[in-house]
Structures are given as C-alpha cells and as structure tokens.
Amino acid sequence: MAVQPWGEQGYGTAKPPASVPPVPGMPPAPHHAAHHAAMPQSAMRAATADRERTVDVLKAAFAEGRLSATEYGERFEAASGAQTYGQLARLVADLPAGPMVAPQMVAPSMAGPVVAPVPPTFLAPPPPRRTNAVAVTSLVLGLLCVPTGGLLGVPAVITGHIGRRQAAERNEDGDGMAVTGIVFGWLSIAFWVLIMTTVALFG
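In this text the structure is predicted, and so the values were computed from the model without any measurement.

Reading the values: the criteria
- Residues numbered from 1 in each chain as written.
- Predicted model: local features only at pLDDT ≥ 70, side-chain atom pairs only at ≥ 80, totals over all residues.
- Heavy atoms only, no water.
- Salt bridge = Lys/Arg side-chain N within 4 Å of Asp/Glu carboxyl O.
- Helix = DSSP H or I, 4+ residues; strand = E, 2+ residues; numbered from the N terminus.
- Buried < 20%, exposed > 50% of the residue type's maximum accessible area, 1.4 Å probe, protein only.
- Polar contact = N/O pair within 3.5 Å; in protein donor to acceptor, adjacent residues only side chain to side chain.
- Contact = heavy atoms within 4.5 Å.

**Observations concerning the pattern of salt bridges**
- Applying the stated criterion across every chain yields a total of 5 salt bridges.
- Put simply, R53 and D50 hold a salt bridge, and the shortest N to O gap is 2.3 Å. Of this pair, R53 and D50 both sit in helix α2 (residues 48–63), 3 residues apart, which is roughly one turn of the helix.
- Note on D50: relative accessible area 5%, which makes it buried.
- Here D173 and R129 are joined by a salt bridge, their closest N and O atoms 2.5 Å apart. In this pair, D173 is assigned in the loop between α6 (153–170) and α7 (175–202) and R129 in the loop between α4 (85–91) and α5 (133–143), connecting sequence segments 44 residues apart.
- D173 gets classed as partly exposed once you look at its relative accessible area, which sits at 29%.

Structure below.
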C-alpha cells in the first residue's frame, strides 16, 4: 500500500478572507488575525512531539502486522519530515489509532483555564477505614475462651453479632474479627452443653 502523497497544490494555504466593510468607530482588523482565523486546522504547523506520537502509532501498527516493512519505512520517513497536522493525519488515517487530533480553535474571549486531570498515581490514598471496637472485643473474648475453659463463650457470641451489625451500618472493618469471636463462643457453649449433658445422663 503506497503512502498517499501530500503537498498537493494549494494544500496548507488558507483562502484569503472576504473583505469586511469597516465599522465606524472601530479600527480595521489586522490582516494577520483574519488570516489566522481562516487557516484550516490541518494546515497548522506540527511540533516534534506530534511527529513522535505519529511514529509511535506507526510502530504499533507495524508490530501488530498492519503495515509491511516497506510501508512502515515509507511512512516513518514521511512522518519525520512532516510539517503540518494534515500531513501527519494522512499517515495514520487508515490505522486503528485514527487521525491525529488537531488543536481546537477557541475564541480568546471564550477560552478559560485548562485544568488537566490528576493521574491516579499522584492522588492521595483514601483514608483507612476504622475498625469496630465491639468486633475487636468479640475476638478477644473468643480467644480467651480457651484459657478460661469456655466461660466467656456467651459474651463472645453476643458482642460478635453486635460488632457485625455495627460494622455493616458504619462501613467499618472488623467483620472477620466478629465472626472469629462468634465461632469460638459457640464452640465453648457447645463444649459446656456437652459436659452438662454427660453429667446429667451418667452422673
């Protein structure tokens, strides 16, 4: 696929604006301002960064098999010597990246400050969530069921259910701690029920 030629006769040259009758009390508009307003975006001069971005698109297309080595070489040389946005746009018009975006012409009276979005990498990390105190209490009581022989099983279960409910309502951490306390609490309660049942049957 041959590269489409650029530099046609008349390309990049803006048509002279129509003459505007002078307004009484106002100075005539300078010729260069009218010429700049009538200039098409494709005729604007491209910068080195624009040529480098076009080359990056060509490299990606060549790596994906969209361009042959010959086509890539021709377009690479053309991009390196391109002078306008229109010349660069034609080199990538048939590629998935699409034509390069030309700068928008905005009237000075309507132009406002341009605020670039902050990349997520430079944003402050979100504040850590609080841990529910009742859930921590349930975990401690559940772990103490082992050295105390299961005497704290009932408090561990009660505080565990309260901690889980509060953590869900307040968007806090600690649900896993509360579940651990509930498990140890119920194991302790089952242990004492088994002992009392054995004593009642065989005592």
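**Concerning the side chain of N132**
- Looking at the secondary structure, you find N132 in the loop between α4 and α5.
- For N132, a relative accessible area of 2% translates into the label buried.
- Within the local environment of N132, its side chain forms a polar contact with the backbone nitrogen of A135, the two atoms lying 3.0 Å apart.
- Leave out the neighbours within four places in its chain, and N132 touches G163, Q166, A167, R170, E172 and D173.

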